[in-house]
Amino acid sequence: MEVTAQVFLKPKKEESLLRFHPWIFSGAIKGIIGNPNEGDVVEVYTSNNEFIALGHYQVGSITVRVISFEPTIIDQDFWNDKVQRAYDARQALGLTSSTTTNCYRLIHGEGDNLPGLIVDIYGETAVVQSHSVGMYLSRQNITEAIKHVYGNQIKAIYDKSEGTLPFKAGLNAKDEYLFGSSIDTPVLENRIKFNVSWEEGQKTGFFLDQRDNRELVGKYSKGRDVLNMFCYTGGFSLYALAGGANSVDSVDSSQKAMNMVDRNVEVNFGTEHKHTSYAEDAFEYLRTIDGKYDLIILDPPAFAKHTKVLNKALLGYRRLNALAFHKIKPGGILFTFSCSQVVTKEHFRNSVFTAAAISGRKVRILHQLTQPADHPINIYHPEGEYLKGLVVYVE
Ligand code: SAH
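Here's what I pulled together on the structure shown here.

Cut-off values and rules
Residues numbered from 1 in each chain as written. Predicted model: local features only at pLDDT ≥ 70, side-chain atom pairs only at ≥ 80, totals over all residues. Heavy atoms only, no water. Helix = DSSP H or I, 4+ residues; strand = E, 2+ residues; numbered from the N terminus. Polar contact = N/O pair within 3.5 Å; in protein donor to acceptor, adjacent residues only side chain to side chain. Contact = heavy atoms within 4.5 Å. Phe/Tyr/Trp six-rings, centres within 6.5 Å; stacked < 30°, edge-to-face > 60°. Lys NZ or Arg CZ within 6 Å of the ring centre and 35° of its normal. Expected span 1.5 Å × (residues − 1). Buried < 20%, exposed > 50% of the residue type's maximum accessible area, 1.4 Å probe, protein only. Arc of directions from axis to C-beta.

**Here we look at the side chain of Ser-197**
For Ser-197, the position within the fold is in the loop between strand S13 (192–194) and helix H5 (211–220). Within the structure, the side chain of Ser-197 is placed 3.1 Å from the backbone nitrogen of Glu-200, a separation counted as a polar contact. In this view, Ser-197 contacts Gly-205 and Met-260; residues no more than four positions away in its chain are not counted.

**Regarding the packing of aromatic side chains**
Following the criterion strictly, the structure yields 16 aromatic pairs and no others. Ring pairs connect the aromatic residues Phe-8, Tyr-45 and Phe-51, which therefore count as one cluster. The cationic tip of Arg-139 hangs over the ring face of Tyr-136; the distance from NZ or CZ to the ring centre is 3.9 Å. Against the face of Phe-179 rests Lys-147, its NZ or CZ located 4.1 Å from the ring centre.

**A short note on helix H10 (residues 345–359)**
Between the first and last C-alpha of H10 there are 21 Å, a value that for 15 residues agrees with the 21 Å anticipated at 1.5 Å per step. Among all positions of H10, only Phe-348, Ser-351, Val-352, Ala-355, Ala-356 and Ser-359 are buried. Projected down its long axis, H10 carries its buried residues within an arc of 135 degrees, all on one side. Facing away from the buried side of H10 by more than 90 degrees, the exposed set consists of Glu-346, Phe-353 and Ala-357. Check the buried side of H10 and you find it contacts helix H9 (310–327), strand S18 (332–338), strand S19 (363–369) and strand S20 (388–394).

Structural measurements only, silent on function.
Okay, here's the thing in structure tokens:
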């Protein structure tokens, strides 16, 4: 891609870039030479006219997302190299050759030095999701790079960016196959089968970020009565069943999600199982469960998408967790999560602490959880640590 403009920073505004933070905010920019379109590659210079980065230009508070801190040509080789590096990291984790797990995140935005890009692998299909205009306009290069790195191991590439691109950019993106066509086979996660619908489902079809935490639920489930609240396609429920739970109830307000749960339970455990599905609202359901469960999982959607609603979100987490603390059996274990990026670990822990105090129960923290290694955090971009979880023992 051609460089179409030069962006010049105000004095001292290069400091975070010297520490490899990949975002340039509009307020840091002194001026632009050229007239870039959204998604173009621009060069960034310090106030002393020294080159500092190359990035994707976009109108908005983050004006440039850095894709290279070195002067380089953004051609097919550039993308091949980026995807190869992401692949190498997953290979080091054993994910690319595993016989028990064939779905994982290949590219995690800033965590893989590719701000605005998500790529998830589901068996022989890669699902590409752009959150920035620049990544969307690079989708052909990204497709070629995935094919270059995987060879014939990847037979389909699906673009699911319709819902994640800025509306104002007017791209009229349509979700579509960039290569190959629909392959309908369940994927494997730690030997458990999941039907994943990237065409219909939320995110890229599945919440890959809970893999390790689901495994931990499996370990604690033996003989317990489990409630999986906000279950989506039933990830935690299937691990609880596999782990020998006495009973597993799954709840989600989406009937479509519950139909997927039923399919996933049947694919793994047939028609004789200890599972029940409920398409209901979380808060209403939780009010009715006095002493019914001794393992509860709360994995709600992000309550805060931006800092303006942070306080309201923290109250939401407090209310939700307080209900669980009130209702869980003595000796119960609560897995509680927040995936809101703007809610820090400390915020979340404080909400859970307040919820515990309101309930008056004795509560001990057993584990502090986060996202798995295929959702890496760029050390220079701590904002990338978004998933927080606590496992607590309730007397
Ligand atoms: N735990 C899941 C992911 C949860 S995503 C997994 O491991 O795959 C959050 C889910 O919460 C979504 O499926 C959404 O439909 C559901 N949800 C949102 N609001 C809800 C509410 N008020 N009551 C119940 N479910 C809700």
